[in-house]
Amino acid sequence: MVENYLCATGFYHVSRIGVIRGFYLMLAALVERWRPETHTFVLPVGEVIVTLEDVAHIFGLPIDGEPVSGWTDSSGDFLQSQSIVIFGREPSVSHSSKSYIKLGWVRRIRDIEPLDTKESIRRYVRCQILCLLESTLFTDKSTVYAHAKYLPLLCDFKRIHTYSWGQRVLHIFTEHYVVHHDMIQRSWMAL
């Protein structure tokens, strides 16, 4: 039943990927070959660019539709009201910033959902999507918190699939590697 709901949102494929381990040498080689000024990998066969089509094939996310963006109200009231709508509960927030919600709390909510009604399955799927967004697709230095700016996009369950999540993944990928390329290369070379 959960799989059907994940399919309806466009997140089924990416939810099945899991953690990729044991590819340190391949990843290190790719980081060495990344050229931030052109957003390409320079390989022996030529330059290779990551395209939106690649993101769609790898992650199975929608690439057509409304942009994944929006303004975030950083007030505690905003986070509380959005969390009640999405998760059916008041959130556990970051004390340093009211724009972030604790992923551990989201995972606990997901794991205790009884999955006995359509709404509880939707809450479970929303939790799963938020965890995927923040721990797999839109990762940053923190794997502990999720940014509240994605909560409004998860409110209307029937609209989740209408957003271009794949475009956002590609944007974050190129932005992250352009900004952090030298730091990543130095830290990987030190290992």
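Heads up: these notes are all about the structure in this document. (Residues numbered from 1 in each chain as written. Predicted model: local features only at pLDDT ≥ 70, side-chain atom pairs only at ≥ 80, totals over all residues. Heavy atoms only, no water.)

## Side note on unusual backbone geometry
A negative phi holds for most residues other than glycine; trans holds for most peptide bonds.
Consideration 1: You will see that His 39, though not glycine, has its phi angle at about 55°, which is positive.
Consideration 2: Since its relative accessible area comes to 30%, His 39 is described here as partly exposed.
Consideration 3: Within the chain, Leu 115 stands out as a residue other than glycine whose phi angle is a positive 55°.
Consideration 4: Of note, Leu 115 is situated in the loop between α6 (103-112) and α7 (118-137). (Buried < 20%, exposed > 50% of the residue type's maximum accessible area, 1.4 Å probe, protein only. Helix = DSSP H or I, 4+ residues; strand = E, 2+ residues; numbered from the N terminus.)

## Observations regarding the sheet that holds strand β2 (residues 40-43)
Consideration 1: In spatial order, the strands read β1-β2-β3; together these three strands make up an open sheet with antiparallel pairing. The outermost strands of the open sheet, each flanked by one partner alone, are β1 (34-35) and β3 (46-49).
Consideration 2: Two elements, β1 and β2, share two bridges in a ladder whose sense is antiparallel. Note on β2: the bridge partner recorded for Trp 34 is Phe 41. (Pairing = 2+ DSSP bridges.)

## Remarks on the pattern of salt bridges
Consideration 1: For the structure shown, the criterion picks out six salt bridges.
Consideration 2: With its nearest N and O atoms 3.0 Å apart, the salt bridge here joins Arg 89 to Glu 113. Of the two residues, Arg 89 sits in the loop between α5 (76-87) and β4 (100-102) while Glu 113 sits in the loop between α6 and α7, which places them 24 residues apart along the sequence.
Consideration 3: Note that Glu 119 and Arg 126 form a salt bridge whose closest N and O atoms lie 3.2 Å from each other.
Consideration 4: Its relative accessible area of 33% is what places Glu 119 among the partly exposed residues. (Salt bridge = Lys/Arg side-chain N within 4 Å of Asp/Glu carboxyl O.)

## Overview of the environment of Gln 167
Consideration 1: On the secondary structure map, Gln 167 appears in helix α9 (residues 165-190).
Consideration 2: Gln 167 sits in the partly exposed class, given a relative accessible area of 38%.
Consideration 3: Separated by 102 residues in the primary sequence, Gln 167 and Gly 65 have C-alpha atoms spaced 9.4 Å apart.
Consideration 4: Setting aside its immediate chain neighbours within four residues, Gln 167 contacts Leu 52, Pro 62 and Ile 63. (Contact = heavy atoms within 4.5 Å.)

## Considering the packing of α5 against α7
Consideration 1: The contact between α5 and α7 brings their axes to 8 Å, and the two run at 125°. Relative to α7, α5 is oriented oblique. Across the interface between the two elements, Val 85, Ile 86 and Phe 87 of α5 pack against Arg 123, Arg 126, Cys 127 and Leu 130 of α7.
Consideration 2: Tallied by class, the residues present in the contact of α5 with α7 amount to five nonpolar, no polar and two charged. (Axes fitted to C-alpha atoms, helices over the stretch in contact; angles between N-to-C directions. Parallel < 35°, antiparallel > 145°, perpendicular 65-115°, else oblique. Nonpolar A, V, L, I, M, F, W, Y, C, P; charged D, E, K, R; others polar.)

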